[in-house]
Amino acid sequence: MSLTSKDKATVKIFWNKVASKSEAVGSDALSRMLAVFPQTKTYFSHWKDLSPGSPSVRKHGKTIMTGIGEAVTKIDDLDNNLLTLSELHAFQLRVDPTNFRLLNLNLIVVLAIMFPEEFTPMAHVAVDKFLSAVARALSEKYR
């Protein structure tokens, strides 16, 4: 699914609402991913505490959301603009790209919970397509 100009505009408007709570969104989404998909914990085995809301989870949740926020600003060319992150995850961190989709599922849940009024069906579709495009771009160096 490609992002239409309407999808891009919807994502940008919605993300402006999310930005002020992005750290909480990232922490909750990452906490949920680690609980619902425990196999993802292997990438964070060096952390002392993987419990929901732990300092490590909060910090990485913020890092994730900062990256997604940057992707929103570069929405017109995600493949080129996320190349460095793709290389990092593929060659250094060696993250299985399936995990990007798992995180996306949890982000969608958290966004729906935290922004019930703003996360309309139209916003849901646009954000889902955007997060899928981000996951594809991050998976680029795996091919």
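Data block above holds the structure.
Residues numbered from 1 in each chain as written. Predicted model: local features only at pLDDT ≥ 70, side-chain atom pairs only at ≥ 80, totals over all residues. Heavy atoms only, no water.

Break down the packing of helix H3 (residues 55-73) against helix H7 (residues 121-138) for me, citing the residues and quoting the values.
One way to put it is that H3 packs onto H7 with a least axis distance of 11 Å and a crossing angle of 105 degrees. The angle between the axes of H3 and H7 places the two elements in the roughly perpendicular class. On H7, the residues that touch Ile68, Ala71 and Val72 of H3 are Phe130, Leu131 and Val134. (Axes fitted to C-alpha atoms, helices over the stretch in contact; angles between N-to-C directions. Helix = DSSP H or I, 4+ residues; strand = E, 2+ residues; numbered from the N terminus. Parallel < 35°, antiparallel > 145°, perpendicular 65-115°, else oblique. Contact = heavy atoms within 4.5 Å.)

Which residues make up H7, and what are the values?
Helix length check: H7 (18 residues) gives 26 Å between terminal C-alpha atoms against 26 Å at 1.5 Å per residue, within 8%. Every buried residue belonging to H7 is among Ala123, Ala126, Val127, Lys129, Phe130, Leu131, Ala133, Val134, Ala135, Ala137 and Leu138, and all of these are buried. (Expected span 1.5 Å × (residues − 1). Buried < 20%, exposed > 50% of the residue type's maximum accessible area, 1.4 Å probe, protein only.)

Run through the packing of aromatic side chains, naming residues and quoting values.
Between two aromatic rings, the relevant description is the distance of the centres plus the angle of the planes. What the rule picks out here adds up to three aromatic pairs. With a centroid separation of 5.8 Å and an interplanar angle of 75 degrees, the aromatic rings of phenylalanine 14 and phenylalanine 115 are classed as edge-to-face. A residue pair is termed long-range when its members are at least 10 positions apart, and phenylalanine 14 in helix H1 (residues 5-18) and phenylalanine 115 in the loop between helix H6 (98-114) and H7 qualify at 101 residues. Pair check on accessibility: phenylalanine 14 and phenylalanine 115 agree, each one buried. Summarising the aromatic geometry, the rings of phenylalanine 44 and tryptophan 47 are spaced 4.4 Å apart at their centres and angled 35 degrees between planes, so their arrangement reads as tilted. (Phe/Tyr/Trp six-rings, centres within 6.5 Å; stacked < 30°, edge-to-face > 60°.)

Tell me what's going on with the pattern of salt bridges, and back it up with residues and numbers.
Throughout the structure, instances matching the rule amount to four salt bridges. The partner of lysine 8 in a salt bridge is aspartate 76, and the shortest N-O contact between them spans 3.0 Å. In this pair, lysine 8 is assigned in helix H1 and aspartate 76 in the loop between H3 and helix H4 (78-81), connecting sequence segments 68 residues apart. Residue classification places aspartate 76 among the exposed residues on the basis of a relative accessible area of 61%. Between arginine 32 and aspartate 28 there is a salt bridge, with the nearest N and O atoms lying 3.2 Å from each other. With a gap of four residues between them, arginine 32 and aspartate 28 both fall in helix H2 (residues 22-36), about one helical turn apart. Residue arginine 32 is classed as partly exposed on the basis of its relative accessible area of 28%. (Salt bridge = Lys/Arg side-chain N within 4 Å of Asp/Glu carboxyl O.)

Describe the packing of H2 against H6, with residues and values.
Packing of H2 against H6 brings their axes to within 8 Å, and their N-to-C directions diverge by 125 degrees. Viewed along their axes, H2 and H6 adopt a mutual orientation that is oblique. Where H2 crosses over H6, the two elements pack in a sense that is right-handed. Side by side, H2 and H6 meet where Ala24, Val25, Asp28, Ala29, Leu30, Arg32, Met33 and Val36 of the first sit next to Asn99, Leu102, Leu103, Asn106, Leu107, Val109, Val110, Leu111, Ile113 and Met114 of the second. Within the contact of H2 with H6, the residues separate by chemical class into 14 nonpolar, two polar and two charged. (Left-handed = near helix turned anticlockwise from the far one by under 90°. Nonpolar A, V, L, I, M, F, W, Y, C, P; charged D, E, K, R; others polar.)

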